[in-house]
Amino acid sequence: MDILAELNPAQKAAVEAINGPVLILAGPGSGKTRVITHRVAYLIRVVGVNPRRIMAVTFTNKAAREMEERLNQLVSASVKDLTLGTFHAICARILRLDGQAIGVDKKFVIYDDDDQIALIKRSLQDLALDPKQFAPRALQSVISSAKSQMLGPADLPGKSYFEEVTRRVYERYQELLAASSALDFDDLLMRTVLLFRKQKDILAKYQARYLHIQVDEFQDTNLVQYELIKLLAGKYRNICVVGDPDQSIYSWRSADIRNILNFEKDFPDARVVLLEQNYRSTQLILDAATCIISANRQRKPKDLWTKNEKGLPPLLIETYSEDEEARFVVNEIDNLVRAGEVRSGDCAVMFRTNAQSRVLEEAFIRYGMPYKLVAGTRFYERREVKDVIAYLRLIQNPNDTVSLMRVINVPQRGIGERSLDELTRWSREQGVSEYQALRLLAESADSGAEMPLSARTVKALAGFAVMLERLIERSREVDIMVLFDLVVEGSGYKQYITGLIDGEERWENVQELRGVAQDYKDLKPGEGLTALLEGVALVSDVDSLPEKQETVTLITLHQAKGLEFPVVFIVGMEEGIIPHYKSIDDPAQLEEERRLCYVGITRAKRKVYLVRAFRRHLMGSSAVNKPSRFLLDIPEHLLARGGVREKEDEWSSASIDATEKAIKSDEDLPVVKAGEHVRHDQFGEGVVVNYHKVKNDAEVVVAFDGVGVKRFLLSFAKIDKV
DNA sequence: CGCAAGTACCTTTTT
DNA sequence: GGTACTTGCG
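Treat the numbers as computed from the prediction; the structure is a model and nothing was measured.

## Notes on the overall build of chain A
Helix and strand counts for chain A stand at 27 helices and 23 strands. In chain A, the share of contacts with a sequence separation of at least 24, taken over all contacts with a separation of at least 6, comes to 75%. Taken as a whole, chain A presents about 31,700 Å² of accessible surface, with 50% of it coming from carbon and sulfur.

Right under this line is the structure:
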């Protein structure tokens, strides 16, 4: 099979440019994934590069898995040797192997969001600070953002009282992490960079190994991640980054769009390849999307085009309430499926916030239409799953205090808050971890005399220590499945959980986790445990999205990135939702909201429904919402309307309107289209943001660089296309 | 110490 | 509207 055969010229160029730095700017649906996989296949098959010497970084584990699958088809040789995964997974691997050089415990555990919050609360407690005054969530986000820029506590400003507190909490938080031999997500990245900076020999080892490095979704990397690949690529400089600034939607997670801009600065000899042909969407959908994104000031213009058929313009559906909105969606999907137009698995409903999913779910349930919610109660965030993981983590690393505190009294062992406070206090006094304190207690009952604890409590604590001790011993001998069962039964957890009201369901979840463990059953004792824990720490919900959906997908706009569906509904197209009210007064955040909207629309292959409700319940009270400003960016001829209908079966008339519109706009194509670049004698260059017909003329709305938005009648304006 | 009921709180997106 | 945390009682 010729790897280059099925690629267009731009894609081919992107695949063949294997020497030196390459920046691939890839529009939505431009075959980006295909280019990346083919590039790796090309390196292996045609150039003859050893897979061991290639690193490919993806945004999600799912993307990594998919890439592996595709590569297996393209390349007969084993791709197992490839370094393929997310930044976090790759860094975890590096640290596990070489982290000791900078004092990272070989047995480190990875703390997720919840664990971080728990630890920050402890930090606040230690510092005698009020968690109400200093919201743990806010602190977490400050700390995370600091780490994303390689800033330690000392690098933070300490001017105001709040800043001073933040700094102290950050400091304490790090101490507690270290005491627990734990790393949080940001540490995985930051420590790896530190490792490379401090241990030149280790860096040299990795640099020598990786002849080729590829990074996907580059627009969503943060500074640390960029630093990391710059270090890794330091020797051979064969670095290829792929991204689309217009799809950058993670700046709140410290993703820095400057990475893309700086890339060309840091690598002046970088080859830039543009992928502008869209293979996914119909013409009108692409046009509407272009109009929306063109209104952003902070962007490099891009000329997306497609050979696909014209199709139908996006449909604007205006409903009275969010209930009606949900009913419309279900009803319309039902119509489409009945008409044989699509299968329900072809449809996705996208929303800005998870809270919006509830009403949708209710409607789907009421109509008996099956659906799959991508971000429901997340599996790995379920209490029972976290509990069992906490037990497993304790076996791997008993100093993991967050896990210890989590399960020491689950099931109840008569160890209350007071006793735990006392335990913490005492262990600090002794300068040992809580776990070591427990062991001391268990070994010599006399030392308990120093603590103001009842004999009963000491017994309970010692009992827990003995149990844990036994599990740790056994873990060295048995495989992960045996260990799993030992943990669940030996700790009394099984009995506890099955005894709860919803025990059956919870037990099923524990069993599901057991199923995950099965993947690691052939590994050696200990290794299997480490691998399992690492696996569960770094997965997300999108990862579990099955390949071929037979049901409607309910998904957030963020999670939808990288996916595609024939039919897309975006609900809640209202001011305050998209754009989210928290983003409205910050221009930069507003642009991100716009990109989010753009991402949503460009997921669609054939049909887009933009749905809004006049009235919506938000936290109990009801609010009247204006239509999203992004709707105003779509010119008349690119937007069909379906009004509010009393009877549900009349809703489908919206599709007729759309069809008519598509035909009508075909007859008299506008002289200029929204999204096009124009020049005006007086105002300079700008982008057409809107175009619609008025009587015998047309009104054009143009956003000029540095001037602002101007309106013209087409017949009078002196406008030329650029 | 454990449980039940009540309260205050919030609400963006997630590797 | 739901949850996470507090309070009060057995």
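## As for the environment of L394
Mapped onto the elements, L394 comes out in helix α15 (residues 383-396). On the basis of relative accessibility, which here comes to 0%, the residue L394 falls in the buried class. Once the C-alpha coordinates of L394 and V109 are considered, the two residues, 285 residues apart in sequence, prove to be 9.1 Å apart. Sequence-distant contacts of L394, that is, excluding residues within four places in its chain, are made with D400, S403, L404, V407, F464, L468 and I472.

## Points about the packing of aromatic side chains
Applying the stated criterion across every chain, the model contains 14 aromatic pairs. Judged by centre distance (5.5 Å) and plane angle (50°), the ring pair of F196 and Y206 falls under tilted. Here the residue F196 occupies a position in helix α8 (residues 185-198), and Y206 occupies one in helix α9 (residues 200-209), the gap between them amounting to ten residues. Y206 carries the same exposure label as F196, and that label is buried.

## As for the nonpolar core
Membership of the largest hydrophobic core comes to 63 residues, with the highest contact counts inside it found for L188, F196, I213, I229 and F263. With residues near it in sequence (within four places) discarded, I213 still touches M55, I229, L232, A233, N238, I239 and C240. In terms of nonpolar packing, the next biggest core, distinct from the first, is built from 51 residues, A390, L394, M405 and V407 among them.

## As for the pattern of salt bridges
For the structure on display, the rule yields 54 salt bridges. For D485, the salt bridge goes to R514, with nearest N and O atoms at 2.7 Å. With a gap of 29 residues between them, D485 in helix α20 (residues 480-490) and R514 in helix α22 (residues 503-518) connect regions that are remote in the sequence. Among the ionic pairs, R595 bridges to E592, the shortest N-O distance being 3.1 Å. Of this pair, R595 and E592 both sit in helix α25 (residues 587-601), three residues apart, which is roughly one turn of the helix. There is no split in this pair, since R595 and E592 are both buried. Three or more residues are tied together by salt bridges with common partners; here these are D112, D114, D115, K386, R393 and D400.

Criteria and cut-off values
Residues numbered from 1 in each chain as written. Chains lettered and ligands numbered in written order. Predicted model: local features only at pLDDT ≥ 70, side-chain atom pairs only at ≥ 80, totals over all residues. Heavy atoms only, no water. Helix = DSSP H or I, 4+ residues; strand = E, 2+ residues; numbered from the N terminus. Contact = heavy atoms within 4.5 Å. Areas by Shrake-Rupley, 256 points an atom, 1.4 Å probe, with all protein chains shown as cover. Buried < 20%, exposed > 50% of the residue type's maximum accessible area, 1.4 Å probe, protein only. Phe/Tyr/Trp six-rings, centres within 6.5 Å; stacked < 30°, edge-to-face > 60°. Core = buried A, V, L, I, M, F, W, Y, C linked by side-chain atoms within 4.5 Å. Salt bridge = Lys/Arg side-chain N within 4 Å of Asp/Glu carboxyl O.

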